[in-house]
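Inside the fold
Listed below, chain by chain, are the residues.
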Amino acid sequence: MPTGHIMMATSLDGFVARPDHTLDWLDKQPSEGEDHGFDAFQDSVDVIVMGSGSFRTVLGFGEWPYAKPVVVLSRSMTQNDVPDSIRGKVEIMAHEPAELMANFTERGFERVYVDGGAVIQSFMKAKLIADMKITIVPILIGAGIRIFDNADCDTDLEMVSSEQFPSGLVDLVYKVKAA
Ligand SMILES: NC(=O)c1ccc[n+]([C@@H]2O[C@H](COP(=O)([O-])OP(=O)(O)OC[C@H]3O[C@@H](n4cnc5c(N)ncnc54)[C@H](OP(=O)(O)O)[C@@H]3O)[C@@H](O)[C@H]2O)c1
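Overview of the structure. The model shown is predicted, which means the values in this text are computed figures rather than measured ones.

**Observations regarding the sheet that holds strand 1 (residues 3-11)**
Pairing is mixed across the open sheet formed by eight strands, whose spatial order is 5-4-3-6-1-7-10-9. Two strands close off the open sheet at either side, each with one partner strand: strand 5 (90-93) and strand 9 (157-164). In this sheet, adjacent strand axes meet at a mean angle of 20° when their direction is disregarded. Looking at chain direction, strand 4 (residues 70-73) and strand 5 are connected through four bridges and run parallel. Looking at the pairing, V70 lines up with V90 of strand 5. Strand contacts of helix 3 (residues 52-60): strand 3 (47-51) and strand 4, with the helix running at about 100° to strand 3, the strand carrying the most contacts.

**A closer look at unusual backbone geometry**
Backbone geometry at H21 places phi at a positive 75°, although glycine is not the residue there. Positionally, H21 belongs in the loop between strand 2 (15-17) and helix 1 (24-27). The exposure class of H21 is partly exposed, given the 15 C-beta atoms found within 10 Å. Phi at K127 is positive, roughly 60°, even though this residue is not glycine. Within the secondary structure layout, K127 lies in the loop between helix 5 (118-125) and strand 7 (129-137). With 15 C-beta atoms packed within 10 Å, K127 lands in the partly exposed category.

**Here we look at the site of the ligand**
Neighbouring the ligand are 26 residues; G51, G53, T57, G116 and G117 lie closest to it. Of all the secondary-structure elements, those providing two or more residues to the shell around the ligand are strand 1, strand 2, strand 3, helix 3 and helix 5. A per-element tally of the shell around the ligand places helix 3 first, with four residues. When the residues that make up the shell around the ligand are grouped by side-chain class, the tally is 12 nonpolar, 11 polar and three charged.

Calculation rules
Residues numbered from 1 in each chain as written. Predicted model: local features only at pLDDT ≥ 70, side-chain atom pairs only at ≥ 80, totals over all residues. Pairing = 2+ DSSP bridges. Helix = DSSP H or I, 4+ residues; strand = E, 2+ residues; numbered from the N terminus. Axes fitted to C-alpha atoms, helices over the stretch in contact; angles between N-to-C directions. Contact = placed C-beta atoms within 7 Å. Buried ≥ 20, exposed ≤ 12 C-beta atoms within 10 Å, placed from the backbone. Near = placed C-beta within 6 Å. Nonpolar A, V, L, I, M, F, W, Y, C, P; charged D, E, K, R; others polar.

This is the structure:
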């Protein structure tokens, strides 16, 4: 079975985006020149999975930031919602997480970058996340979309590393302990 891996930035109060999905609080951080390992992380995975919420945000960036194949999980979007400029790079699928991982096994994908809010939560619930790198941004935004929410059981984590940067951002790496 392929393994799921997370790399996300969150506010100190645990939000990955404002309620309206905006990321302005993240963009204004003075972290220019710091290497938080995004390129190395992307190089280490075979495929990227995100929900339609994150896909819509990324489309707003103008430039497609991913070099790896992307699967967008959605029950409301179709392949026709993928702009021509990224046709062939993005596949819309409506699978449940375990079903998707089984599909990836058949396609030879081993490491899966799991991105989003609700999608991360559904992969966590299905126990398909092996490890996570969380960058804590030194800001409280008060409300928004949580990275972890609605868990129906505890998830034990093992600390792998922590690194503080001059900007005040802190990278935390955890392995998910087997239940
Ligand atoms: N801070 C960061 O580092 C960071 C990184 C990435 C993203 N973000 C932001 O975080 C926010 C996440 O928002 P979100 O929670 O709405 O986004 P999401 O997880 O990207 O998308 C959720 C949507 O995906 C669809 N979906 C299909 N299958 C699903 C499944 N098995 N589990 C869950 N969802 C499934 C559903 O919509 P349908 O109606 O289409 O089925 C659902 O509403 C976005 O604004 C994104 O831009 C922040």
